[in-house]
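Structural overview for review
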Amino acid sequence: MYTTNRRRLLKGMAAAGLIAPFASQTFAQDLRKVRLQLSWVSNVQYAGDWIAFENGLMENNGVAIDWQPGGPNAPASLVTLAANGADVAYSNWFQFLDAINQGNDFVMIGASFPRNPHGLISLAKKPILEPKDLVGAKILAQAPNDKTAIDATLALAGLPGDWTWVPTGFSPEPLLAGDGDAFTAFSTNQPITLEKMGMKPGEDFHFVFFDDLGFRTYGSIIVTTRSFLDSNRGAVVGYMRGLIDGWALNKEDPTVAPRLVVEKYGADLGLDLDQQIRQNELQIPLTQYAEPDKLPLSLDRELIETRMYKAAEATGRTNLPDVTKIADFDIVQEAYEGKK
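The present account deals with the structure reproduced in this document. Just so it is clear, the structure is predicted and the values come from calculations on it, not from any experiment.

Let's shift gears to the packing of aromatic side chains. Throughout the structure, instances matching the rule amount to 14 aromatic pairs. With a centroid separation of 6.2 Å and an interplanar angle of 80°, the aromatic rings of F210 and F215 are classed as edge-to-face. F215 carries the same exposure label as F210, and that label is buried. An aromatic cluster of at least three residues, connected via ring pairs, comprises Y46, W50, F53, W67, Y90 and Y265. Residue placement shows R115 over the ring face of F209; its charged tip is 4.2 Å from the ring centre.

Extensive coverage of strand β9 (residues 205–209) is indicated by the burial of 4 of its 5 residues. Looking at chain direction, strand β5 (residues 118–123) and β9 are connected through 5 bridges and run antiparallel. Bridge assignment links I121 to a residue of β9, and that residue is F207.

Formed by 44 residues in total, the largest nonpolar core has its most connected members in W93, F96, L120, I139, Y218 and I304. Those elements that provide at least two residues to this core are α3 (77–82), α4 (93–101), β4 (106–113), α5 (144–156), β10 (219–225) and α12 (301–314). In this structure, L120 is in contact with I128, L134, I139, A182, F183, T184, H206, F207, V208, F210 and L213, ignoring residues within four places of it in sequence. Counting residues in each nonpolar core, the second largest holds 42 residues, with W50, F228, Y239 and M240 among its members.

Right, let's get into helix α2 (residues 47–54). The buried fraction of α2 amounts to 8 of the 8 residues, a majority that puts the element mostly inside the structure. Three or more residues of α2 are buried, namely A47, G48, D49, W50, I51, A52, F53 and E54. Where α2 is buried, its residues meet β1 (32–37), β2 (63–68), β3 (88–91), α9 (233–252), α10 (256–265) and α11 (273–283). A positive phi of about 70° marks G56, the residue just after α2.

As enumerated under the stated definition, the model contains 18 salt bridges in all. For the salt bridge of R226 with D105, the shortest nitrogen-to-oxygen distance reads 3.9 Å. Highlighted residues: R226 in helix α8 (residues 226–231) and D105 in the loop between α4 and β4, separated in sequence by 121 residues. With its nearest N and O atoms 3.0 Å apart, the salt bridge here joins R278 to E195. Remark: E195 occurs in helix α7 (residues 190–196) and R278 occurs in helix α11; sequence separation between them is 83 residues. Ionic contacts of the salt-bridge type, sharing partners, join the residues E130, K132 and D133 into one network.

Turning our eyes to something else, we now look at α11. Of the positions making up α11, those classed as buried are Q275, Q276, I277, Q279, N280 and Q283. For α11, the secondary structure elements touched by its buried residues are α2, β4, α7, α9 and α10. For α11, the N-terminal cap is D272; the gap from its side-chain oxygen to the backbone nitrogen of D274 is 3.3 Å.

Looking now at the packing of α4 against α12. Direction vectors running N to C along α4 and α12 enclose 85°, while the axes themselves pass 11 Å from each other. The orientation of α4 relative to α12 falls into the category roughly perpendicular. Contact residues: α4 offers W93, F94 and L97, while α12 offers I304, M308, Y309, A311 and A312. Counted by class, the contact of α4 with α12 contains 8 nonpolar, no polar and no charged residues.

Here is what the cut-offs are and how they apply
Residues numbered from 1 in each chain as written. Predicted model: local features only at pLDDT ≥ 70, side-chain atom pairs only at ≥ 80, totals over all residues. Heavy atoms only, no water. Phe/Tyr/Trp six-rings, centres within 6.5 Å; stacked < 30°, edge-to-face > 60°. Buried < 20%, exposed > 50% of the residue type's maximum accessible area, 1.4 Å probe, protein only. Lys NZ or Arg CZ within 6 Å of the ring centre and 35° of its normal. Helix = DSSP H or I, 4+ residues; strand = E, 2+ residues; numbered from the N terminus. Pairing = 2+ DSSP bridges. Core = buried A, V, L, I, M, F, W, Y, C linked by side-chain atoms within 4.5 Å. Contact = heavy atoms within 4.5 Å. Salt bridge = Lys/Arg side-chain N within 4 Å of Asp/Glu carboxyl O. Polar contact = N/O pair within 3.5 Å; in protein donor to acceptor, adjacent residues only side chain to side chain. Axes fitted to C-alpha atoms, helices over the stretch in contact; angles between N-to-C directions. Parallel < 35°, antiparallel > 145°, perpendicular 65-115°, else oblique. Nonpolar A, V, L, I, M, F, W, Y, C, P; charged D, E, K, R; others polar.

As far as function goes, none of this settles anything; it's purely spatial.
As structure tokens, then:
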């Protein structure tokens, strides 16, 4: 843990919105470079990273981060990792499993969101809150992965795959127009659009997580290669330690990371500050396990071996490896144990 004075200073900086890096306690020549590949554009979903970068928390733990954004015009993050264009990468659960089955020697070391924000929006006139509500429904789904999630949710619940896929775009407006009964979305994004229209969650519209429908996955998993981990375990632990501290500070003041994104790290994206603040407020609870004894960013072996593997099997992924071969459950624990 931080000393009381240092913790108070960091908290004060966050509360005041000061954007000034800490002086590193480690000489630059002693820092181990870690190349980080994001899986999406530089928005507030990486709040822990931005706060850690800005306040020298990575350098304090012996690493210097060279990061690259992802997005629709960038290669998939795990493709970059496989091509040795990165040392650590963000990804999603199924892309990770597919990459493993293609022969990549990747290791999952943590997860930013133990509770995945993926889910469904429905309106008050026809709420979809349980798997049985999906049967016979018209679902506005943005991508094939959304269709897979719905099919798997029904299969896990022992229900027939009787529903209609209505291809749609990123906006929930077709749902409001009556083109479907529900809309695939993320709790940290499209509900904000509806809120800005004056609609109240739980009254005018409902959001249900796929997690709560029985289709359990992590969001924003953190992956490295076996070779990099074996040769640079200290650097990987150092990165995770800085990330842990960054997310802890983000929880204390949800307005700091959005300002960093809008003004610096994602300044060329035209992001809206109010939207990014609201997104950050909504995502913070998703960084915590429901069980108080489970550490943020850590991996839960039992959860992966049971519910997450069952979810993967329901999507047709049956050739699943021994979880101990694709995940290191000690990295996050080591990071916490070494905190000052």
